[in-house]
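Each chain, letter by letter, is given below.
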Amino acid sequence: MTENHTPLRVTVWGENRHEQHQPHVAEIYPDGMHNTIREGIEENLGPRAEVATVTLDDPEHGLTEDRLRNTDVLVWWGHAAHGEVTDEVVERVHRHVLAGMGLVVLHSGHWSKIFGKLMGTTCTLRWRSERDREIVWTVDPTHPIAQGVPHPFIIPEQEMYGEHFDIPAPDELIFLSTFSGGEVFRSGCTFKRGYGKIFFFSPGDQDYPVYHHKDVRRVIANGVEWARTVRPERTDPVLLRYETEAFYTGHSYEGAMAN
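Residues numbered from 1 in each chain as written. Predicted model: local features only at pLDDT ≥ 70, side-chain atom pairs only at ≥ 80, totals over all residues. Heavy atoms only, no water.

A closer look at the side chain of Thr190
And then number 1: With respect to the helices and strands, Thr190 occurs in strand β8 (residues 184-193).
And then number 2: Exposure remark for Thr190: the relative accessible area of 1% places this residue in the buried category.
And then number 3: At 2.6 Å, the side chain of Thr190 forms a polar contact with the side chain of Glu172.
And then number 4: Ignoring any residue separated from it by four or fewer positions in sequence, one finds Thr190 in contact with His143, Ile145, Pro170, Asp171, Glu172, Ile174, Ile198, Phe199 and Trp226. (Helix = DSSP H or I, 4+ residues; strand = E, 2+ residues; numbered from the N terminus. Buried < 20%, exposed > 50% of the residue type's maximum accessible area, 1.4 Å probe, protein only. Polar contact = N/O pair within 3.5 Å; in protein donor to acceptor, adjacent residues only side chain to side chain. Contact = heavy atoms within 4.5 Å.)

Thoughts on helix α5 (residues 87-99)
And then number 1: The end-to-end C-alpha distance of α5, which contains 13 residues, comes to 18 Å, matching closely the 18 Å that a straight helix rising 1.5 Å per residue would cover.
And then number 2: Contact partners of the buried residues in α5: α4 (65-69), β3 (73-77), β4 (102-106), α6 (113-119), β8 and β9 (196-201). (Expected span 1.5 Å × (residues − 1).)

Concerning the sheet that holds β3
And then number 1: In space, the 9 strands of this open sheet follow the order β2-β1-β3-β4-β9-β8-β7-β5-β6, with mixed pairing throughout. Either end of the sheet is taken by a strand with one partner, and the two such strands are β2 (49-55) and β6 (153-162). Each strand of the sheet is rotated relative to its neighbour by a mean of 25 degrees, with strand direction disregarded.
And then number 2: For strand β5 (residues 126-138) and β6, the ladder comprises 7 bridges, and the chain directions are antiparallel. Bridge pairing in β6 places Val136 opposite Phe153. (Pairing = 2+ DSSP bridges. Axes fitted to C-alpha atoms, helices over the stretch in contact; angles between N-to-C directions.)

So, the pairing of strand β7 (residues 172-179)
And then number 1: Of the strand pairs in this sheet, β5 and β7 are connected by 5 bridges, and their pairing is antiparallel. Bridging from a neighbouring strand, Val136 pairs with Ser177 of β7.
And then number 2: Direction of pairing for β7 relative to β8: antiparallel, over a ladder of 5 bridges. Residue pairing across strands places Thr178 opposite Val184, the latter belonging to β8.
And then number 3: A loop of 4 residues connects β7 with β8, the two strands running antiparallel in sequence, and Gly182 in this loop sits at a positive phi of about 95 degrees.

Quick look at the nonpolar core
And then number 1: Core analysis: the largest hydrophobic core is formed by 37 residues, its most contacted members being Ile41, Phe175 and Val224.
And then number 2: Counting residues per element, this core draws most heavily on helix α7 (residues 214-227), which supplies 7 residues. (Core = buried A, V, L, I, M, F, W, Y, C linked by side-chain atoms within 4.5 Å.)

A look at the UniProt feature "domain: ThuA-like" (unreviewed entry) in the protein
And then number 1: UniProt records the feature "domain: ThuA-like" (unreviewed entry) at residues 9-227, using the numbering of this structure.
And then number 2: Span residues 9-227 is 28% helix and 32% strand, its end C-alpha atoms 11 Å apart. (UniProt positions renumbered as here; feature names shortened; annotations may be inferred.)

Focus: the environment of Asp207
And then number 1: Looking at the secondary structure, you find Asp207 in the loop between β9 and α7.
And then number 2: Residues Asp207 and Leu8 lie 199 residues apart in sequence; the distance between their C-alpha atoms is 30 Å.
And then number 3: Not counting chain neighbours up to four residues away, the residues in contact with Asp207 comprise His24, Val25, Ile28 and Ser129.
And then number 4: Separated by 2.6 Å, the side chains of Asp207 and His24 make a polar contact.

Remarks on the packing of aromatic side chains
And then number 1: Scanning the model with the defined rule gives 9 aromatic pairs in all.
And then number 2: Plain terms: the ring middles of Phe115 and Phe191 are 6.3 Å apart, the flat faces sit at 75 degrees to each other, and that makes the pair edge-to-face. One end of the pair, Phe115, is in helix α6; the other, Phe191, is in strand β8, with 76 residues separating them in the sequence.
And then number 3: Note on Phe115: relative accessible area 0%, which makes it buried. (Phe/Tyr/Trp six-rings, centres within 6.5 Å; stacked < 30°, edge-to-face > 60°.)

A closer look at a nonpolar patch on the surface
And then number 1: Taken together, Trp137, Val139 and Leu173 make up a surface patch of nonpolar side chains, about 230 Å² in accessible area.
And then number 2: Within the secondary structure, Trp137 is located in strand β5. (Patch = residues over 30% accessible without salt bridge, like charges linked within 9 Å, V, L, I, M, F, W, Y side chains within 5 Å. Areas by Shrake-Rupley, 256 points an atom, 1.4 Å probe, with all protein chains shown as cover. Salt bridge = Lys/Arg side-chain N within 4 Å of Asp/Glu carboxyl O.)

Some points on the side chain of Glu183
And then number 1: Structurally, the position occupied by Glu183 is in the loop between β7 and β8.
And then number 2: Here Arg128 takes part through its side chain, which lies 2.8 Å from a polar atom of the side chain of Glu183.
And then number 3: The contacts of Glu183, once residues within four sequence positions are left out, are Arg128, Met160, Gly162, Ser177 and Thr178.

As structure tokens, then:
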């Protein structure tokens, strides 16, 4: 596998509603959660990444065809306005993920239209927002997303997410969280859909300063770097017909081995 030395093009999508309407959220994230997340990625990846932000209220929610075509990895945070994301934009993002765009879904993005469409389940879970302590345990220390992350690390104040989490069995489980009520949660897991790689990471409720936490920022940055495709170009998976012996001779073969 050849290493890609071109800058990683990242788009952070933020709902940006709590920050506009709830003073205590604006105090924690005066520039919006999307910008705090952006800063964490830049802090950890430096010149390896070019990070832009867009929000729900931008034209086409900021997720135009041109924007997505020029995005290697999309980071998604939403909570109160999932229903306001148009189906047209969801279909567009879905198509780009299947064609190879990476997707990092954060916290309550588990209930976003795009995550639900990719998972094919309700993505529901148990929750409680009472300033719980979250301990994040690394269960796959060899995974690239876990590199440089302490085992465990503690988030002093956080919303509790607990099982059962109605998602398909993850391709990889990287982090498991425990809470002060005794609950456990699959807080960091990966999936592959089409040619796209997806990382879900749960810490990050709007009511707590979780996106200022250095270890949370490191995990997100690692997830962004991991989710980048190694394919030379973004293409949709297609149905291909070959003549007899075409696979073995390589004649006109355009399948996975050609990439």
